[in-house]
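# What the coordinates show
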Amino acid sequence: MTSVLVIDDERQIRRLLRVSLEKQDFDVHEAATGGDGIRAIQGRKPDVVLLDLGLPDMDGAEVLAGLRAWSAVPVIILSVRNAEEDIVRLLDAGADDYLVKPFNTGELIARMRVALRHHAPEESLEAFVSGRLEVDLAQREVRIGGEVLKLTPTEYAILRLFVQHAGRIITHGQILREVWGPNAEGETNYLRVYITGLRKKIEARPEMPELLITEPGVGYRLKVLPPHPPAD
Amino acid sequence: MVDAPQKDPIALLRLAERERSGRGKLKIFFGMAAGVGKTYAMLQDARRRRLEGLDVVVSWLESHQRRETEDLAEGMERVPRRCLEYRGRTLEEMDLDAVIARRPSLALVDELPHTNAPGSRNRKRYQDVLELLEKGIDVSATMNVQHLESIADNVVAVAGITVFERVPDSVFDGADQVVLIDLSPEELLRRLADGKVYAADMAASAREHFFKRGTLTALREMALRQTALLVNHQLTDMVPAAEEECAKSGNRLLVAVSPSPNSAHLIRWTRQRAFGLKAEWTALFVETGRPLGRGAQETLAKNINLARQLGGEVVTLPSDDVSGAVIRYARAHAVTEIVVGKAGFTAGTVLRRRTITERIVRMSGVIDVTVVQEKGRELKQERARLSSYLRPERASLLKAALAIGAVTAAGFLTLPAIGYRSVSILYLLTVIALAFTVSRTAVLLAAVLSAVLWDLLFIPPRFAFTIGKLEDALMFFLYFVTAAAMAYLMSRLRANRSMLEVRERRLSLQHEFSQEISAQRTPADIVRTALRHASRYFDADVLIFLKAEGNVLGPVPYSPGAAEMDDKELGVARWCFESGTPCGLYTDTLHMARHHYIPLLTQDGAVGVLGIRLPEGRTWMSDHEESLQMLARTTALCLERETLAEENRINLMARESERLGKILLNTVSHELRTPLTTIKGSVTALMDESTGGDREARGILLDETLTAVDRLNGIVENILSMSRLESGMLRLKKTRVDASDLASVAVDALRRQTQDHPFTVRLDGDLPAIRLDFVLMVQVLTNLLQNAARYTPAATPIGLSVERAGESARFTVADEGPGVADGDLPHLFEAFYRGRGVPSGGVGLGLSICKGIVEAHGGRISAFRNRTGGLSVSVEIPLEAP
């Protein structure tokens, strides 16, 4: 059974999460402060951590920095709205994903599963499928609705990054660093242009994307949709 | 024009006595001459009171090295003298500020009529004493009878000495106690011989000039009389109020003021008489429009000041008929007695000199006329002054004479052609022409001269004064009458007109000024307008200080040119501001300053100070002061009005804030309760076994709960955004964003809410990326879409379109619902505005937040009724934002 540690100072939220997560066959542990949380990670070694940013004793960033020094456990941040800068900072500092309060519990669990999947050592290189999109990383082949798609090397690099992080949030900075190198950080314009181009190629309606979703102020997320039957 | 009486110390001092306003009491030790023992008596009195426990301090003592005086003063606390440097000499004066700071109960001030050295704040010591009294310090002072302003003339007559150091009668009359130190002349002379009055060498010269028995006797009599008058006055003052009215006589005196030094004597005389009768008195100046030489101007100003100082009401009337004006005024104001000089009132020409008094007497009717002898010596001076009168006349006379001469020559030339009779026409025309340009005297001279010359040179028999024919004689007579009448009337007309023109110009300038300054809206503009007018009107350097923070005068004045300002000048201006009285140049207080300062006074005190300095060679006249006062009053009023308006605005804003705050509280609590009610209701219903078990019911209730939660969240977000906008904490993080991206995110976020409505999105293909704050703009779009979903019936379409509009990108959310009433459209973006008949569910903040965010981007938001009758809201964001 997968274990999850909930670090949040609000009793109601911990209770709510316990009930929901246990119903989904998670083993739930709780901590009310940052300090307790870190100790709990050391002691109980959970498989995934839900970290609330509004903790009384420590800044969320401190907790993350603290535990990232010796643990790679997937961490999902819970924050309030209009804290995009903090979210980006934390994502860049090693958090895996985030969710804004008040959150949709279903969405939370979905993201937890994505995070867990990406953490699992078995990185299967089989084809990735989401909706009409098929990506075969081994073959370097991309198909839309069965038809092969021509992508530029950069576009492919971006797409591959997305596939590797499928379902998870990737910050602008991360994409730029990974695709263009560490000096490219901040060139969000570049990125935007490429994303638009990608969307035109892979989305059924590029102006209403279903696969490549913008998360304003934070970054992008490639959604994992159920496979679409090829013949529309 | 009526001049309000100057802050008359009489009234103030009397008031203090009756109302115990905390003003100090003045005790004057009064005597006929030096050496009678006034200072001695003052010191004795002070010592006695000191023993009784009173805090007594010697502010100024002039012992004249008299042993007894110095002995008496021993042991008493003295305020050190103030040393002043003036022209290389060190002068000593009373240190007024030190005495004020010391705040004794009683201050001894010797020699009340003394003139202070330049550099002192006040010109005269009696002004210092008035200040002390105002600060609540009692004063004992000494003075002689010869120092009384109104007695000055008598003293000159009796002792042959002109006294320059004078004290206004108002100070004397207003004293709380006057102690007469009386001594027989014989006794005083004996003292002088004994060396008890002056040291030996001075005693000799004193005996020569002043200390003659006859002089002393006369002075003693004057002192006694003055004291008696005062006692009489004070006696009636003690009569209770109701009877006091009867005690006051119904008399009213009028004296005419002229530029002659004789006027001063008449003024003083009138004052004494009025005082004796307990009557009001007025000094009237009739402005004839005749130009005055510089000396005459100064004398006139001095006379008017004197009248004011002595407590009379000063009135100026324009008229070219002096005696007529005097009588008219007297009748209109129930004057009971007119005071005139025997020699007549010399404001007119030489011809009229003797007639004005006679005319006044003749026209006086029931009004008494008192004719007062003028001083012989002054008469001589007066004749000398006449020449200063005639100076502007001389040019006119010359011109007239030359003109007549020229016409005479012309007459000779044309005589054969036109005949001797017609020459008169030439003369007449010349006289008429002259009437337009020369003074009245000159034109009358021309009329007479022309008649004479005509008779002499042209009417037969020629070169003789006789006239041959009767008809010629009649013609001559007719000519003479016509010419004289014409000349007189025309010149009078001209004088009237020019006087009226001057007045009209002055009035229209004032009117213009009033209008212009009333239209100004900021203090700076008001001040600048005032400065502009003042500079123009007075043709002088003007500057204005305004009140600054902490109720102090700001250090830098407004001024059209660069005003020379140093700490001393600033100090003078500050003093004017604090005391609320005029000071500086042209006054008796701080007269060494470079400018004349008057305060800009309002009900609550001074709001500023106006300073003026006339260029060299011009005298400060009383009507300058009046005009300046008017200017200052108007400016002060406008400034006050602006201050009040500003306060009003602030109050209004505060009230508005309060109102909004209340509305917020009410609305929010109401609007928050609604979704909360749904949540609680649904959840508690679900807790019930049967409801919770029913799949369909559960589905509906849970759906409702989720909707309510989203709504709550929306309200909270809106409130947060509103407060961020209001507090200015909204910071835009601008990045380049694709319109489609923006639209898709917004639409996605509202998927649930818009699911009941067919939704279309239209995007202009070639729209470039827009620089905007992604998160905030998403909020704008979601607000708009939410509104569309909430306020339109289910199944009505909602459309979002993004297109290019010139230099901006335009986002439009359009619905096909009931739309918004035209009356509500302009108010849509106001905070908390809810249209009439609108279903509840929002706080009314959404659109105002959108507006705030859009405008922070430099864009525009607008709402209008669209083709289908529904509402369209349009947001334009500039593409190339700065």
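Residues numbered from 1 in each chain as written. Chains lettered and ligands numbered in written order. Predicted model: local features only at pLDDT ≥ 70, side-chain atom pairs only at ≥ 80, totals over all residues.

## So, the overall build of chain B
Quick note on the threshold: Strands here are runs of E lasting at least two residues and helices are runs of H or I lasting at least four, both read from the DSSP assignment and numbered beginning at the N terminus. In this scheme the burial state of a residue depends on its C-beta neighbours within 10 Å: 20 or more other such atoms mean buried, 12 or fewer mean exposed, and anything in between means partly exposed; the C-beta positions come from the backbone. Each residue is represented by a C-beta atom placed from its backbone, and any two residues with such atoms within 7 Å are regarded as in contact.
Of regular secondary structure, chain B possesses 27 helices and 25 strands. In chain B, which comprises 882 residues, the proportion classed as buried is 37%. Long-range contacts, defined as pairs at least 24 residues apart, comprise 69% of the intrachain contacts of chain B with a sequence gap of at least 6.

## A word on the overall build of chain A
The helix and strand tally for chain A stands at 8 helices and 12 strands. Scored against the burial criterion, the 232 residues of chain A give a buried share of 35%.

## So, the interface of chain A and chain B
On the side of chain B, 18 residues touch chain A, which itself brings 14 residues to the contact. No other element matches helix α8 (residues 188–202) of chain A, which puts 4 residues into the side of chain A that touches chain B.

## A few points about the pairing of strand β25 (residues 871–878) of chain B
Within a regular beta strand, the side chains point alternately toward one face of the sheet and then the other, so they alternate between its two faces. All names here are of chain B. Test applied: Pairing between strands is defined by DSSP: at least two bridges between them are needed.
Burial of β25 is extensive: 6 of the 8 residues sit out of reach of the surface. Pairing analysis gives 7 bridges linking strand β23 (residues 808–815) to β25, with the strands arranged antiparallel. Within the sheet, the bridge partner assigned to Ser-808 lies in β25 and is Pro-878. Sheet topology places strand β24 (residues 860–865) next to β25; 6 bridges connect them, and they run antiparallel. Bridged to Ser-862 within β25 is Ser-874.

## So, the sheet that holds strand β7 (residues 138–144) of chain B
All names here are of chain B. For clarity, the threshold we go by: Lines fitted to C-alpha atoms define the axes, with helix axes restricted to the stretch in contact, and inter-axis angles between N-to-C directions lie between 0 and 180 degrees.
Spatial strand order, β3-β6-β7-β2-β8: 5 strands in an open sheet with parallel pairing. In the strand order of this sheet, the two ends are held by β3 (56–60) and β8 (177–181), each with one partner. Within the sheet, the average angular offset between the axes of one strand and its neighbour, ignoring direction, is 20°. Judged from the 5 bridges that link them, strand β2 (residues 26–31) and β8 form a sheet pairing that is parallel. Paired with Lys-27 across the bridge in β8 is Gln-177. Together, β2, β3, β6 (106–109), β7 and β8 form the strand contacts of helix α2 (residues 38–51), whose direction differs from that of β7 by roughly 165°.

## A word on the pairing of β6(B)
Residues and elements named next belong to chain B. As a reminder of what qualifies: With the strands aimed away from the viewer, a crossover counts as right-handed if its path from the first strand over the helix to the second runs clockwise.
In β6, alternate side chains face the same way, and those of Leu-106 and Leu-108 on one face and Ala-107 and Val-109 on the other are all buried. With 4 bridges connecting them, β3 and β6 associate as parallel partners. When the sheet's bridge partners are listed, Val-58 is paired in β6 with Leu-108. As paired strands, β6 and β7 are joined by 4 bridges and run parallel to one another. Residue pairing across strands places Leu-106 opposite Asp-138, the latter belonging to β7. Where the polypeptide runs from β6 across helix α5 (residues 125–134) and back to β7, its parallel neighbour, the crossover connection is right-handed.

## So, α8(A)
Residues and elements named next belong to chain A. Our working rule: To estimate how far a helix should reach, multiply one less than its number of residues by 1.5 Å. Summarising the geometry, the arc corresponds to the directions from the helix axis toward the C-beta atoms.
Across its 15 residues, α8 extends 21 Å between first and last C-alpha, which sits within 8% of the 21 Å expected from 1.5 Å per residue. Residues of α8 that are buried: Ile-195, Leu-198, Arg-199 and Ile-202. All buried residues of α8 project into a common sector of 100° when viewed along the axis, lining one side. Of the exposed residues in α8, those oriented more than 90 degrees away from the buried face are Asn-189 and Lys-200. Each element contacted by the buried residues of α8 is listed here: β7 (133–136), β8 (141–144), α6 (153–164), β11 (212–215) and β12 (219–222).

## What about the packing of α6(A) against α8(A)?
Each pair of packed helices gets described by two things: the angle between the helix axes and the distance between those axes. Residues and elements named next belong to chain A. Rules: Angle categories: roughly parallel below 35 degrees, roughly antiparallel above 145, roughly perpendicular from 65 to 115, and oblique for all the rest.
In the contact formed by α6 and α8, the axes pass within 10 Å of each other and the chain directions differ by 85°. Between α6 and α8, the crossing angle belongs to the class labelled roughly perpendicular. Where α6 approaches α8, its residues Thr-154, Glu-155, Ile-158 and Leu-159 are matched on the opposing element by Tyr-194, Gly-197 and Leu-198.

## Brief notes about the sheet that holds strand β9 (residues 147–148) of chain A
Residue and element names in this part refer to chain A. Strand order across the open sheet formed by 4 strands is β6-β7-β8-β9, with antiparallel pairing between neighbours. The two strands at the open ends of the sheet, each matched to only one other strand, are β6 (128–130) and β9. Relative to β7, β6 is paired through 3 bridges, and the arrangement is antiparallel. Within β7, the residue paired with Phe-128 across the bridge is Val-135.

## A word on the confidence of the model for chain B
Residue and element names in this part refer to chain B. Our working definition: As a per-residue quantity, pLDDT reports the predictor's confidence and falls between 0 and 100.
Summary statistics for chain B give a mean pLDDT of 80 and a share of 87% for residues scoring 70 or more. The model gives residues 240–248 a pLDDT under 50, and that stretch makes 5 contacts with residues more than four places away or in other chains. The low-confidence segment residues 344–353, where pLDDT is below 50, has 23 contacts with residues more than four positions distant or belonging to other chains. The complex model carries a pTM of 0.48, and its ipTM stands at 0.82.

## Regarding the nonpolar core
Our working rule: Think of a nonpolar core as buried Ala, Val, Leu, Ile, Met, Phe, Trp, Tyr and Cys residues, each tied to the set through C-beta atoms within 7 Å.
Ranked by internal contacts, the top residues of the largest apolar core, which has 54 residues, are Ile28(B), Ala107(B), Leu108(B), Val109(B), Val129(B), Val139(B) and Ala141(B). One finds Leu17(A), Val142(A), Ile170(A) and Val218(A) within the second-largest nonpolar core, a separate group that totals 52 residues.

## Some points on unusual backbone geometry
Following Lys101(A), the chain continues into Pro102(A) via a peptide bond in cis, with omega recorded as -5°. Residue position: Pro102(A) is located in the loop between β5 (97–100) and α5 (105–119). Even without being glycine, Glu111(B) reaches a positive phi, approximately 55°. With respect to the helices and strands, the residue Glu111(B) is situated in the loop between β6 and α5. The exposure class of Glu111(B) is buried, given the 20 C-beta atoms found within 10 Å. Look at Asp539(B): it is not a glycine, yet its phi comes out positive at around 55°. In this structure, Asp539(B) sits in the loop between α20 (523–538) and β14 (541–548).

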